[in-house]
Number of protein chains: 2
Amino acid sequence: MSAPIIAIDAMGGDFGPRNIVQASLACLIATPSLHLILVGQAPLIEELIARQSGVDRSRLRVVNASEVIGMDEKPSQALRGKPDSSMRVALDLVANGQAQACVSAGNTGALMALSRFVLKTLPGIDRPAMVAAIPTQRGYCQLLDLGANVDCGAENLYQFAVMGSVAAEALGVVRPKVALLNIGTEDIKGNQQVKLAASLLQAAPGLNYTGFVEGDGLYRGEADVVVCDGFVGNILLKSSEGLASMISARIEILFSQNLLSRAVGALALPLLKRLQADLAPARHNGASFLGLQGIVVKSHGSASVQGFQSAIHRALIEVEGNLPQRLHGRLGELL
Amino acid sequence: MSAPIIAIDAMGGDFGPRNIVQASLACLIATPSLHLILVGQAPLIEELIARQSGVDRSRLRVVNASEVIGMDEKPSQALRGKPDSSMRVALDLVANGQAQACVSAGNTGALMALSRFVLKTLPGIDRPAMVAAIPTQRGYCQLLDLGANVDCGAENLYQFAVMGSVAAEALGVVRPKVALLNIGTEDIKGNQQVKLAASLLQAAPGLNYTGFVEGDGLYRGEADVVVCDGFVGNILLKSSEGLASMISARIEILFSQNLLSRAVGALALPLLKRLQADLAPARHNGASFLGLQGIVVKSHGSASVQGFQSAIHRALIEVEGNLPQRLHGRLGELL
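Residues numbered from 1 in each chain as written. Chains lettered and ligands numbered in written order. Predicted model: local features only at pLDDT ≥ 70, side-chain atom pairs only at ≥ 80, totals over all residues. Heavy atoms only, no water.

Going by the annotation in an unreviewed UniProt entry, the name recorded for chain A is Phosphate acyltransferase, with Pseudomonas syringae given as the source organism. According to its UniProt record, chain A has this under Function (unreviewed entry): "Catalyzes the reversible formation of acyl-phosphate (acyl-PO(4)) from acyl-[acyl-carrier-protein] (acyl-ACP). This enzyme utilizes acyl-ACP as fatty acyl donor, but not acyl-CoA." (UniProt positions renumbered as here; feature names shortened; annotations may be inferred.)

Set out below in structure tokens:
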């Protein structure tokens, strides 16, 4: 296999290119086979690179793009009005084979719209989905969709299940257990879409469908892939992040109440901080778009340097796992 | 005001009447004005009461009911097949004015169906909703619906918002901030029902509607009342409980890794346990049915003695706050 090349939208996100360039350079050092293409305002990016010493420029290109898509811009505007945006140019690099993946911390809606337009969906896929790895009591589960598709029919949920299963396999899970998120585990529970999707999944050959999972079952690690519509998934993900932050804040208060607890807290806090990062998966690890003819990873808009590194790392694993080709083959069998 | 009288379904829940009787006796001691009616298999209940000394029997009645509704029984079965169930008899006591509220840890679907049948909904209310107080960074928010209504139209969400607002007022919140749960805060975000409900709420006189709130905003305490359909609410609630349990488990592991951390953990664990109880609101505090011509509080099926006590306490506050009458008045103005 040739060396992996990943195109980075250096201008997306809440903090501009600084974190992104720093994370990119760190990834180049950590993975000696990796090549990166930083896309955006070249003079600005070059200046940020020049601050760092020992950069291996043979594995790092900078490609200029004159425009930037704002975090609040409408997807339709981004699609039609900005042909030379950093996001668009990075995706074009994937489409024309100069890179195998694109990572962006920019506007989610614009990234989804541009990805669909530039890369196209895989045959048989109506709508791409967003997936992220959620920590559970037993490891991780792939949760999808996380907000790309607000209203979903049973057929969409079925496709998400197939895509999530293949993605989990590419990440090393053997015969991933696939479940539908529901408000009960009995057959009569749930809305029409979920019930209908269950009957489709029961009949799917080669898929390890295990039935319904509830919100608490997800965190108990009852499934490797948990499927829901984008409205539910987005609210589950963000409320989990909010709850994890709240618990961290409360623990900090617990540990600052008196001298003894402060001493205890000083010992415990670094461990708790690591836990907190683990519990904010999309913020920390990024979310992957599934169902496209190419790899796109969305890093959180306010991701730290470490968070953006994790997003690049996820893209790298998907490149090495040949995810779109695998998906294409599996969808051919199942859809 | 006359002394509050609450009917207790002593047979519901996963653990039988023992926890429930114990919690009831503790509440009688804690609230000297409170009267309770324990409903269920009288000999069994009397035996459990007899184990405790100093019980004020002038404030405690036992009413016999020969049948028990199973936790897995279908609501339709419970409705038609068991006229002398403890749940039904407890609700009848509310309907005929012998009690002002009913508390049950039994089958949720059966309790909702029986409550609607026995107590009827308030004029203008299509469907009752389940609400619970969720801890936030600023205090609590009332989240509804928690699973009674899987598919909801805009009109239902509007009614939930009105009911949640009145419930929050009855619990002491002045001009409660009411928000719709959504996957973004911009007007264009969300599904049709949510967008339409937003326009209804913007036009509602006297309601402090503040717009959309996201999953993380809920835990930041951006609203006092958060409204969603029962599918989303149930998944949010259960996933939050699952996440809180997982974090507790991980913290326990952190604190058991070596001698120092074990010492630290021994100090921190009681505090963390209290936090955990606070983070499992429905399990701990119970959920209230809103929109009925009477007060019904559902305690979690696996509630501890303390958890069932909290459910009785919530019922007591709603009795003292005259919640159904207040709701009736407010709905007359708004619907």
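Caption draft 1: View of the packing of helix 4 (residues 86-95) of chain A against helix 5 (residues 108-119) of chain A. All names here are of chain A. Two elements in contact, helix 4 and helix 5, have axes whose closest approach is 10 Å; the angle formed by their N-to-C orientations is 35°. Crossing geometry of helix 4 relative to helix 5 is assigned as right-handed. Taken together, the residues of helix 5 that come into contact with helix 4 (itself represented by Met87, Arg88, Leu91, Asp92, Val94 and Ala95) are Ala110, Leu111, Leu114, Ser115, Phe117, Val118 and Leu119. For the contact of helix 4 with helix 5, the residue count by class is 10 nonpolar, 1 polar and 2 charged. (Axes fitted to C-alpha atoms, helices over the stretch in contact; angles between N-to-C directions. Helix = DSSP H or I, 4+ residues; strand = E, 2+ residues; numbered from the N terminus. Left-handed = near helix turned anticlockwise from the far one by under 90°. Contact = heavy atoms within 4.5 Å. Nonpolar A, V, L, I, M, F, W, Y, C, P; charged D, E, K, R; others polar.)

Caption draft 2: Representation of the packing of helix 1 (residues 17-30) of chain A against helix 12 (residues 305-320) of chain A in the model. Residues and elements named next belong to chain A. For the pair helix 1 and helix 12, the least separation of the axes is 8 Å and the interaxial angle reads 55°. On the basis of the axis angle, helix 1 is oblique to helix 12. By crossing handedness, the relation of helix 1 to helix 12 is classed as right-handed. Together, Asn19, Ile20, Gln22, Ala23, Ser24, Ala26 and Cys27 of helix 1 and Val305, Phe308, Gln309 and Ile312 of helix 12 make up the contact between the two elements. (Parallel < 35°, antiparallel > 145°, perpendicular 65-115°, else oblique.)

Caption draft 3: Representation of the domain arrangement of chain A in the model. All names here are of chain A. Domain boundaries assigned for chain A yield domain 1 (1-125 + 291-321) and domain 2 (131-281). For domain 1 versus domain 2, the distance between C-alpha centres works out to 26 Å. Roughly 630 Å² is buried in total at the junction of domain 1 and domain 2, and carbon and sulfur atoms are behind 60% of that figure. When the buried surface of domain 1 facing domain 2 is broken down by residue, Ile125, Arg314 and Ile317 rank first, second and third, together holding 60% of it. The tally of links from domain 1 across to domain 2 stands at 0 salt bridges. Counting the contacts that link domain 1 with domain 2 gives 2 residue pairs in polar contact (both at pLDDT 80 or more). In terms of residue class, the side of domain 1 that touches domain 2 is made up of 3 nonpolar, 2 polar and 1 charged. (Domains from an automatic or database assignment. Buried area = accessible area lost by both parts, 1.4 Å probe. Salt bridge = Lys/Arg side-chain N within 4 Å of Asp/Glu carboxyl O. Polar contact = N/O pair within 3.5 Å; in protein donor to acceptor, adjacent residues only side chain to side chain.)

Caption draft 4: Geometry of the pattern of salt bridges. One pass over the full model with this rule turns up 22 salt bridges over all chains. In this structure, the salt-bridge partner of Arg88(A) is Asp92(A), at a minimum N-O distance of 3.5 Å. Highlighted residues: Arg88(A) and Asp92(A), both in helix 4, separated by 4 residues, approximately one helical turn. A residue is classified by how much of its surface remains accessible, and Asp92(A), at 27% relative accessible area, is partly exposed. Residue Glu222(B) is joined to Arg220(B) by a salt bridge in which the shortest nitrogen-to-oxygen separation is 3.1 Å. Relative accessible area serves as the criterion here: at 32%, Glu222(B) is assigned to the partly exposed category. A single salt-bridge network, built from bridges that share partners, covers Asp216(A), Arg220(A) and Glu222(A). (Buried < 20%, exposed > 50% of the residue type's maximum accessible area, 1.4 Å probe, protein only.)

Caption draft 5: Local environment of the environment of Gly54(A). Residue and element names in this part refer to chain A. Inspection of the secondary structure puts Gly54 in the loop between helix 2 (42-50) and strand 3 (60-64). In this structure Gly54 comes out as exposed when scored by relative accessible area, which is 76%. In this structure the C-alpha to C-alpha distance between Gly54 and Ile29, which are 25 residues apart in sequence, comes to 9.5 Å.

Caption draft 6: The arrangement of the sheet that holds strand 9 (residues 225-227) of chain A in detail. All names here are of chain A. Taken in spatial order, the 11 strands line up as 3-2-1-4-11-10-5-6-9-7-8 in an open sheet, and their pairing is mixed. Single-partner strands in this sheet number two, and they are strand 3 and strand 8 (209-213). Within the sheet, the average angular offset between the axes of one strand and its neighbour, ignoring direction, is 25°. With 3 bridges joining them, strand 5 (residues 129-136) and strand 10 (residues 287-290) adopt antiparallel strand pairing. Considered in strand 10, the bridge of Met130 is made with Phe289. Each of strand 2 (35-40) and strand 3 touches helix 2; the most contacted strand, strand 3, lies at about 155° to it. (Pairing = 2+ DSSP bridges.)

Caption draft 7: Structural view of the packing of aromatic side chains. Within this structure, the stated rule accounts for 0 aromatic pairs over all chains. Positioned over the ring face of Phe117(A) is Lys120(A), at 4.9 Å from the centre of the ring. (Phe/Tyr/Trp six-rings, centres within 6.5 Å; stacked < 30°, edge-to-face > 60°. Lys NZ or Arg CZ within 6 Å of the ring centre and 35° of its normal.)

Caption draft 8: The sheet that holds strand 4 (residues 101-104) of chain B, seen in detail. Residue and element names in this part refer to chain B. Taking strand neighbours across the sheet as the criterion, the 11 strands line up as 3-2-1-4-11-10-5-6-9-7-8 in an open arrangement whose pairing is mixed. Each having just a single partner strand, strand 3 (60-64) and strand 8 (209-213) make up the two edges of the open sheet. The mean angle between the axes of side-by-side strands here comes to 25°, regardless of whether they run parallel or antiparallel. Pairing analysis gives 3 bridges linking strand 10 (residues 287-290) to strand 11 (residues 295-298), with the strands arranged antiparallel. When the sheet's bridge partners are listed, Ala287 is paired in strand 11 with Lys298. Packing of helix 1 (residues 17-30) onto the sheet brings it into contact with strand 1 (5-9), strand 2 (35-40) and strand 3, and relative to strand 2 it is tilted by some 170°.

Caption draft 9: Fine view of the side chain of Ser240(A). By secondary structure assignment, the location of Ser240(A) is in helix 9 (residues 230-254). Other than its neighbours up to four places away in sequence, Ser240(A) contacts Tyr219(A) and Leu243(B).

Caption draft 10: Molecular detail of the nonpolar core. Counting residues in hydrophobic clusters, the biggest one holds 172 residues, and the most contacted among them are Leu180(A) and Leu180(B). Excluding anything up to four places from it in sequence, Leu180(B) contacts Leu157(B), Val194(B), Ala197(B), Ala198(B), Leu201(B), Tyr209(B), Gly211(B), Phe212(B), Val213(B) and Val227(B). Cys27(B), Ala42(B), Ile45(B) and Val103(B) belong to the second-largest nonpolar core, a separate cluster that totals 30 residues. (Core = buried A, V, L, I, M, F, W, Y, C linked by side-chain atoms within 4.5 Å.)

Caption draft 11: Structural detail: the environment of Pro128(B). All names here are of chain B. With respect to the helices and strands, Pro128 occurs in the loop between helix 5 (108-119) and strand 5 (129-136). Judged by relative accessible area, Pro128 falls into the buried class, the value being 1%. Distance in space between the C-alpha atoms of Pro128 and Gly291 is 4.6 Å, their sequence separation being 163 residues. With residues up to four places along the chain from it excluded, the contact list for Pro128 reads Met112, Arg116, Thr121, Ala148, Asn149, Leu290 and Leu292.

Caption draft 12: Local environment of unusual backbone geometry. Across the junction of Leu144(A) and Asp145(A), the peptide omega takes the value 0°, indicating a cis bond. With respect to the helices and strands, the residue Asp145(A) is situated in the loop between strand 6 (139-144) and helix 6 (154-170). In this structure, Arg175(A) takes a positive phi of about 45° despite not being glycine. With respect to the helices and strands, the residue Arg175(A) is situated in the loop between helix 6 and strand 7 (178-181). Positive phi, close to 55°, is recorded for Asn322(B), a residue that is not glycine. Looking at where Asn322(B) falls in the secondary structure, it is placed in the loop between helix 12 (305-320) and helix 13 (323-334).

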